[in-house]
There are 4 protein chains.
Amino acid sequence: MNSGVTDEQVDAVVNKIRSFGLDANISRGTERTVIGAIGDERKLEPEMFDTLPGVEYSMHIVKQYKIVSRESHKHDSVINIGGARGAPGVALGGNQIQVIGGPCSVETQEQMDLAAQQVAAAGCRLMRGGAFKPRTSPYTFQGKGEEGLAIFRKAADKYNLPIVTELMDARMLDAFLEHDVDVIQIGTRSMQNFELLKEVGRTNKPVILKRGMSATISEWLMAAEYIAAGGNHNIIFCERGIRSFETAYRNVMDVTCIPVLKKETHLPVIVDPSHAGGKAWMVPALARAAIAAGADGLLVEMHPNPCEAWCDADQALNPQEFKDLMGSLKGIAQVIGRSM
Amino acid sequence: MNSGVTDEQVDAVVNKIRSFGLDANISRGTERTVIGAIGDERKLEPEMFDTLPGVEYSMHIVKQYKIVSRESHKHDSVINIGGARGAPGVALGGNQIQVIGGPCSVETQEQMDLAAQQVAAAGCRLMRGGAFKPRTSPYTFQGKGEEGLAIFRKAADKYNLPIVTELMDARMLDAFLEHDVDVIQIGTRSMQNFELLKEVGRTNKPVILKRGMSATISEWLMAAEYIAAGGNHNIIFCERGIRSFETAYRNVMDVTCIPVLKKETHLPVIVDPSHAGGKAWMVPALARAAIAAGADGLLVEMHPNPCEAWCDADQALNPQEFKDLMGSLKGIAQVIGRSM
Amino acid sequence: MNSGVTDEQVDAVVNKIRSFGLDANISRGTERTVIGAIGDERKLEPEMFDTLPGVEYSMHIVKQYKIVSRESHKHDSVINIGGARGAPGVALGGNQIQVIGGPCSVETQEQMDLAAQQVAAAGCRLMRGGAFKPRTSPYTFQGKGEEGLAIFRKAADKYNLPIVTELMDARMLDAFLEHDVDVIQIGTRSMQNFELLKEVGRTNKPVILKRGMSATISEWLMAAEYIAAGGNHNIIFCERGIRSFETAYRNVMDVTCIPVLKKETHLPVIVDPSHAGGKAWMVPALARAAIAAGADGLLVEMHPNPCEAWCDADQALNPQEFKDLMGSLKGIAQVIGRSM
Amino acid sequence: MNSGVTDEQVDAVVNKIRSFGLDANISRGTERTVIGAIGDERKLEPEMFDTLPGVEYSMHIVKQYKIVSRESHKHDSVINIGGARGAPGVALGGNQIQVIGGPCSVETQEQMDLAAQQVAAAGCRLMRGGAFKPRTSPYTFQGKGEEGLAIFRKAADKYNLPIVTELMDARMLDAFLEHDVDVIQIGTRSMQNFELLKEVGRTNKPVILKRGMSATISEWLMAAEYIAAGGNHNIIFCERGIRSFETAYRNVMDVTCIPVLKKETHLPVIVDPSHAGGKAWMVPALARAAIAAGADGLLVEMHPNPCEAWCDADQALNPQEFKDLMGSLKGIAQVIGRSM
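Residues numbered from 1 in each chain as written. Chains lettered and ligands numbered in written order. Predicted model: local features only at pLDDT ≥ 70, side-chain atom pairs only at ≥ 80, totals over all residues. Heavy atoms only, no water.

Moving on: the overall build of chain A. Of regular secondary structure, chain A possesses eleven helices and twelve strands. Overall size of chain A, expressed as C-alpha extent along the three principal axes, is 75 × 40 × 40 Å. Counting over 340 residues, chain A shows a buried share of 65%. The long-range share in chain A, meaning contacts at least 24 apart out of those at least 6 apart in sequence, stands at 65%. Per element, the accessible surface of chain A, about 11,400 Å² overall, is 50% carbon and sulfur. The centroid of the 36 positive side-chain charges in chain A is displaced by 4 Å from the centroid of its 41 negative side-chain charges. (Helix = DSSP H or I, 4+ residues; strand = E, 2+ residues; numbered from the N terminus. Buried < 20%, exposed > 50% of the residue type's maximum accessible area, 1.4 Å probe, protein only. Contact = heavy atoms within 4.5 Å. Areas by Shrake-Rupley, 256 points an atom, 1.4 Å probe, with all protein chains shown as cover. Lys, Arg positive; Asp, Glu negative; His and termini not counted. Charge placed at Lys NZ, Arg CZ, Asp CG, Glu CD.)

Further remarks concern the relation of the copies chain D and chain C. Mapping chain D onto chain C calls for a screw motion: a turn of 180 degrees about the axis and a shift of 0.0 Å along it, with 0.0 Å RMSD after fitting. Classification of the inter-copy transformation places it as that of a two-fold axis. Across chain D, the rotation axis passes nearest the C-alpha of Ser214(D), at a separation of 3.3 Å. The residues that chain D uses at the interface reappear at the interface of chain C in 100% of cases, marking a shared surface. (Least-squares fit on C-alpha atoms with pLDDT ≥ 70 in both.)

We now examine the sheet that holds strand β11 (residues 269-271) of chain D. Residues and elements named next belong to chain D. Reading around the barrel, the eight strands line up as β5-β6-β7-β8-β9-β10-β11-β12 and close back on themselves, with parallel pairing between neighbours. Across the sheet, the axes of successive neighbouring strands diverge by a mean angle of 25 degrees, strand direction being ignored. Here three bridges tie strand β7 (residues 163-166) to strand β8 (residues 183-186), and the two strands are oriented parallel to one another. Looking at the pairing, Thr-165 lines up with Ile-184 of β8. (Pairing = 2+ DSSP bridges. Axes fitted to C-alpha atoms, helices over the stretch in contact; angles between N-to-C directions.)

It is worth spelling out the sheet that holds strand β6 (residues 126-128) of chain A at this point. Residues and elements named next belong to chain A. Taken in spatial order, the eight strands line up as β5-β6-β7-β8-β9-β10-β11-β12 and close into a barrel, and their pairing is parallel. Strand after strand, the sheet turns through a mean of 25 degrees between neighbouring axes, direction not considered. Of the pairings in the sheet, the one linking strand β8 (residues 183-186) to strand β9 (residues 207-210) comprises three bridges and is parallel in character. Note that in β9 the partner of Ile-186 across the bridge is Leu-209.

Looking now at the domain arrangement of chain A. Along its sequence, chain A is carved into domain 1 (7-50) and domain 2 (79-335). Once you take the C-alpha centre of each, domain 1 of chain A and domain 2 of chain A turn out to be 44 Å apart. (Domains from an automatic or database assignment.)

Residues and elements named next belong to chain C. Secondary-structure assignment places Thr-188 in the loop between β8 (183-186) and α6 (194-201). For Thr-188, a relative accessible area of 9% corresponds to the buried category. Within polar-contact distance, the side chain of Thr-188 engages the backbone oxygen of Arg-211 at 2.6 Å. Non-local contacts of Thr-188, meaning those with residues more than four positions away in its chain, are made with Lys-210, Arg-211, Gly-212, Met-213 and Arg-240. (Polar contact = N/O pair within 3.5 Å; in protein donor to acceptor, adjacent residues only side chain to side chain.)

The transformation that overlays chain B on chain A combines an axial shift of 0.0 Å with a rotation of 180 degrees, and the residual RMSD is 0.0 Å. Of all interface residues in chain B, 100% are interface residues in chain A too; the two copies therefore contact each other through one and the same surface.

Listed as interface residues are 43 residues of chain D and, on the opposing side, 43 residues of chain C. Overall, the association of chain D and chain C removes approximately 3,900 Å² of surface from exposure, summing both partners, and the carbon and sulfur fraction of that is 50%. On the chain D side of the interface with chain C, the three residues burying the most area are Glu47(D), Tyr139(D) and Arg171(D), jointly 15% of the side's total. Run the count over chain D and chain C and you get eight salt bridges. When the shortest N-O distance is used, the salt bridge between Arg135(C) and Glu45(D) registers 3.4 Å. Our count for the contact surface shared by chain D and chain C stands at 23 residue pairs in polar contact (both at pLDDT 80 or more). Taken together, the residues that form the side of chain D that touches chain C break down as 15 nonpolar, ten polar and 18 charged. (Buried area = accessible area lost by both parts, 1.4 Å probe. Salt bridge = Lys/Arg side-chain N within 4 Å of Asp/Glu carboxyl O. Nonpolar A, V, L, I, M, F, W, Y, C, P; charged D, E, K, R; others polar.)

We now examine the packing of helix α10 (residues 283-292) of chain A against helix α11 (residues 319-335) of chain A. All names here are of chain A. The N-to-C vectors of α10 and α11 enclose an angle of 20 degrees; their axes lie 9 Å apart at closest approach. The orientation of α10 with respect to α11, classified from their angle, is roughly parallel. Seen along the crossing, α10 lies across α11 with a hand that is right-handed. Contacts between α10 and α11 pair Val-283, Pro-284, Ala-287, Arg-288, Ile-291 and Ala-292 from the former with Leu-325, Ser-328, Leu-329, Ile-332 and Ala-333 from the latter. (Parallel < 35°, antiparallel > 145°, perpendicular 65-115°, else oblique. Left-handed = near helix turned anticlockwise from the far one by under 90°.)

Right, let's get into the packing of aromatic side chains. The description of two aromatic rings rests on the distance between their centres and on the angle between their planes. Across all of its chains, the model carries 16 aromatic pairs over all chains by this definition. On the numbers, 5.2 Å between centres and 75 degrees between planes, the contact of Phe141(B) with Trp310(B) is edge-to-face. With a gap of 169 residues between them, Phe141(B) in the loop between β6 (126-128) and α4 (146-158) and Trp310(B) in the loop between β12 (297-301) and α11 (319-335) connect regions that are remote in the sequence. Residue classification places Phe141(B) among the partly exposed residues on the basis of a relative accessible area of 24%. Taking relative accessible area as the criterion, Trp310(B) reaches 40% and is therefore assigned partly exposed. Measuring from ring centre to ring centre gives 4.5 Å for Phe194(B) and Tyr226(B), while their planes differ by 25 degrees; the resulting arrangement is stacked. A residue pair is termed long-range when its members are at least 10 positions apart, and Phe194(B) in helix α6 (residues 194-201) and Tyr226(B) in helix α7 (residues 217-229) qualify at 32 residues. By the burial criterion, Phe194(B) is buried, and Tyr226(B) matches it. Its guanidinium or amino end placed over the ring of Tyr139(A), Lys66(B) lies 4.5 Å from that ring's centre, counting from NZ or CZ. (Phe/Tyr/Trp six-rings, centres within 6.5 Å; stacked < 30°, edge-to-face > 60°. Lys NZ or Arg CZ within 6 Å of the ring centre and 35° of its normal.)

Turning our eyes to something else, we now look at the interface of chain B and chain A. With 43 residues of chain B at the contact, the number on the chain A side is 43 residues. Between chain B and chain A, a total of about 3,900 Å² is buried, with carbon and sulfur atoms accounting for 50% of that surface. When residues of chain B are sorted by the area they lose upon contact with chain A, Glu47(B), Tyr139(B) and Arg171(B) head the list and together hold 15% of the total. Run the count over chain B and chain A and you get 23 residue pairs in polar contact (both at pLDDT 80 or more). Tallying contributions element by element places α7(B) first for the side of chain B that touches chain A, with five residues. Taken together, the residues that form the side of chain B that touches chain A break down as 15 nonpolar, ten polar and 18 charged.

Glycine aside, the phi torsion of most residues is negative, and most peptide linkages are trans. Residues and elements named next belong to chain B. Phi is positive for Asn-160, which is not a glycine, with a value near 60 degrees. Relative to the helices and strands, Asn-160 resides in the loop between α4 and β7 (163-166). Residue class for Asn-160 comes out exposed when judged on its relative accessible area of 64%.

Further remarks concern the pattern of salt bridges. Residue and element names in this part refer to chain A. Taken as a whole, this structure holds 108 salt bridges over all chains when the rule is applied. In this structure, Lys-279 engages Asp-314 in a salt bridge whose closest nitrogen and oxygen atoms are separated by 3.0 Å. Taken together, the residues span a long stretch of sequence, with Lys-279 in the loop between α9 (273-277) and α10 and Asp-314 in the loop between β12 (297-301) and α11 at a distance of 35 residues. Judged by relative accessible area, Lys-279 falls into the partly exposed class, the value being 24%.

A few words now on helix α3 (residues 109-121) of chain B. Residues and elements named next belong to chain B. Over its 13 residues, α3 runs 18 Å from end to end, which matches the ideal 18 Å to within 8%, given 1.5 Å per residue. Turning to α3, the residues buried within the fold contact β5 (98-102), β6, α4 and α11. At the C-terminal side of α3, Gly-123 shows a positive phi close to 100 degrees. (Expected span 1.5 Å × (residues − 1).)

Our focus in this paragraph is helix α7 (residues 217-229) of chain A. Residue and element names in this part refer to chain A. Here α7 contains 13 residues, and its C-alpha end-to-end distance of 18 Å stays within 8% of the 18 Å for a straight helix at 1.5 Å per residue. Most of α7 is tucked away: eleven of the 13 residues are buried. Taken as a whole, α7 has its buried residues at Ile-217, Glu-219, Trp-220, Leu-221, Met-222, Ala-223, Ala-224, Glu-225, Tyr-226, Ile-227 and Ala-228. On the buried face of α7, the contacting elements are α6 (194-201), β9, β10 (235-239) and α8 (257-264). In the segment just after α7, Gly-231 is the residue with positive phi, at about 115 degrees.

Here the focus is the pairing of strand β8 (residues 183-186) of chain B. Residues and elements named next belong to chain B. Here β8 shows no split at all, with Val-183 and Gln-185 on one side and Ile-184 and Ile-186 on the other all buried. Handedness of the crossover joining β7 and β8 through helix α5 (residues 173-178): right-handed. Of the crossover connections in this fold, the one passing from β8 over α6 to the parallel strand β9 (residues 207-210) is right-handed. (Right-handed = clockwise from strand over helix to strand, strands pointing away.)

Here we come to the environment of Val300(B). Residues and elements named next belong to chain B. Relative to the elements of secondary structure, Val-300 occurs in strand β12. Note on Val-300: relative accessible area 0%, which makes it buried. Spatially, the C-alpha atom of Val-300 lies 6.6 Å from that of Pro-273, the residues being 27 residues apart in sequence. Ignoring sequence-local partners within four residues, the contact set of Val-300 consists of Val-99, Ile-100, Gly-101, Gly-102, Arg-128, Pro-273, Ser-274, Val-283, Leu-317 and Phe-322.

The structure is reproduced here in structure tokens:
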């Protein structure tokens, strides 16, 4: 409350708290009076109180996310991927680190067949590739669409690789389920597309939830809570770089979010070093940093021939660079007591 | 090109440019060689060249937006709103300034009837109100939905006020058209929901395109280009505050974008001072600043009884505050030679 | 405190609070226990408690700034400038709005004489000009130095204009006092040069304290508190644009800080629209926005011949543009009940 | 140039370029005309051209930093520290990784003696500690000052540890030289204190130049160029976290800057994970990430008894945590082929 608060103003706040079925604690200091709500304060919102006379500032003490919080579920969750088709599935989270490799976008059957072979050869157990591409300009390649899903499925199946691909529109969800997409990726621009989050929350497919370009950790956890509230708890957070004032690189990869998420949530956290830096030559350093900081996995762009890629050509590793990177990542995993 | 570039590397870049049907100009400096593409460079993307050996940096000289650019259309566009139902319609853009008032969310018929009367009494010709609400938490009020559209339509029709309301999901577009929503608002979290932009681009309804929380001017113009490319040129930009490091207020209202957009595009630019600041007491100062900086209009939250609002209670003006603000805005409009 | 806090952990926090002579209030909620310190909590710092077992989060309730706070001094402070040399002085703050015009840097006596004449002719009562220039590159013009102070003083005295100029180094303070600089400007890069703040705090000269490029309101107020704690309360805040992700303009002029500072402090707030936008054609829109938002004045760059300016040529208005701007600013001042 | 540019406007730009002794290349495209300056373009500044009629945009092609650039000096620089007093000195840069440990601030002789012993025992070859502390509030502990330098020197000498400490004011440089401070640290708030940079540029002491809170890579390199231009090339860059919109941690540690700086400059790059995260429990993850990303060293806060630290108590590791961290860092160094 403000410094010159009156008893009537204090009473009005206490009455408002009580009207929601909670109790109130009043602490009168020498300069400020603090009123605390006792009970399930998730029913209250700070803005309900900020307009009352005498109120200086109001805030939540208890966090707004429940299902995804570490407090509600102490042990690390391990997400089982792709096990539905008879195979044992790939575990993401826990002690094991998973690298998800593949091209930015699905181009042709030949390109995807080759990419799948190279991804498997490098030791990856999961593959990525975009059939629907969110592009800044309406005049550039927008992805192969549903045809791309079929191409991707066919290529990956040869090598037993579960597939990860981005869903941009709730109307395409049925197509994703028909093609049995193993992991649905929600892109950075869709992190707060709440209707889309609700839809994937109704499925049982693992979801990679990328962080919005300038989303706070709290907003990101709340976006995951939208999915979880629908019944789907198979959520994987993916840091992909945040927007900053710096112009020398596209985004700033935020490694600090890794230990912080690990503390706040039981769900796995992976990192996309390719989109974070935006240049292939930065990827090895960023990938190593992410694993060293405790990430449970990576999404890395690899293309059979980066110079010919239809999209984001400058950020894909070539197959050899990708293989070399896998080697050093294994070394770091070992140092910190994890397997890869 | 890098400082130690070879002739072969220069030739490779020139050949790549020519393979797209453009010509190349080579300028050899004392420290750097610069290669320019001559022709429609929108076919090219910097990333196609960044991977070639010897390339230091590549960039577009010509801007990527066409239909929305001032270069393609010298005069200010004026958007005609709500004229479809026989009435003459309300003009937004040009010399006239429009203030769009109304509550954050549609709550009840009584609340909307009262709000519509107060909005009209204050001299507004357009009304706002949300039936579908994007909320950070899945556990808070999510809007009245389609029922809210009917309530809003009914209340506004009594006072001949065209209505402005947010569309969050392409699957609801038909309902918006059925209820004859006059202006479709695309919210800050949907600015790069490209599938949604394509859908509203196929209608002929005026669209208010809010700026993404940390969208650059260029990304915003490109998002508008998505709508325009579909055939709908009735686009209104709406600045609503950008995300910053500052914690004393929710967003930073970016007045600088007003003169910059006025230079880059022929389309109208309005400002939402309520969401920018996040507190009702900041709104009058911000609203005045926006009009003084050249905005073509405002979206202002007004609630018959702010303390009882179901959503964003702390940012709505009460009817008297709203009326007083309208008065000072008229004065500023006059000083800069505009009418309101 | 964390959810599983023990009585021993609560006791340890309470004992630590008491060891500084304060009392403690304990509020046990259903999910969290909150401990409040009662007494002068400025003696405590959150970091003292964050390391104690069981503590989840600690924060100040009372603000850390005292002398500059509105709470300690209810009425607007008016700063008297340049009155020392017999003249009555110019008032900044209160109802009167002051525009401080002049070139980015002192170049020659002729340039400054001409600029002073034009500044006075446009109706300004104060003049700006830089003798010491903070430049990003060591290879560009660094200002005329002490010679520049003499040139500036001479030019301004002919028109009875108190002078405003930037101090970058405590070792130059004596020279500033010798040349009787009327207002010492602390630049954006020096906002947290605490030794420099302490030095100007020991003088009685009015100080314009520019906001750091990405300083929060709270840090800015604390920087002013450094000056005030030394005994000098003649402080003027100057917003000059904050750093953001946007690349279309140099900085984002933060108009929201104006009403917020007016609420938090009794000291005057001015704005520098020239540095904020970085381009002369943006200045009129930004200047009008600042005054409309409640600023007490402006720092505006005007150069007799902008194309020939030695520094920041693209952001200075020419004399005619400056005069025209003064006209529309007067109109806006009148609308909001102030004089200029 | 703008799309409707005239021949006269092109000529004016060409003439301006030639007036500085450079030549011009004109490339006429279908939509834009591009004019390039041939010769030493460092003499020119974009702002000189932005004001000329018909100019749309002007930029440097050649970078503004010279001495610190990788282009001017291909091999990694190795800085020799503390060799002046007869000892062989400690090498920073090249293949060797150095961890600089020690408390935030010098408190007492006992504390520093103990800290020095623990730093040496953990395997560090360099020690840090602050005698002059930049504090946001004037009412908090400001450091022991010159007495602190003597205490620090004495403690470190027992273990043959060269010392690193922050210089905030040019007037204290003589004291730093008298106490033979081995590495002068320029703090984040002083990165663009150009007069201070010039002063340390005149000494031959190694300088750790911390990145400004929201400094771009380019500004940081230019700040180093100020020191180098004075003759002192013993410069070490130190990333310490950048300011962002995120409130869950104090700063965002920017690992991307490590590979980028390694490409742009020959000088060593270290990281301060303690200030970046602001909490001791984040430090191990961040420290590992920095080394994995290629940093040449770290500045890590360690305090004999963190709970009793006079400053930043919540970010210091205790001696055991510090020792454990050193172990895992050595493992990562080995994986990437470096020694520590």
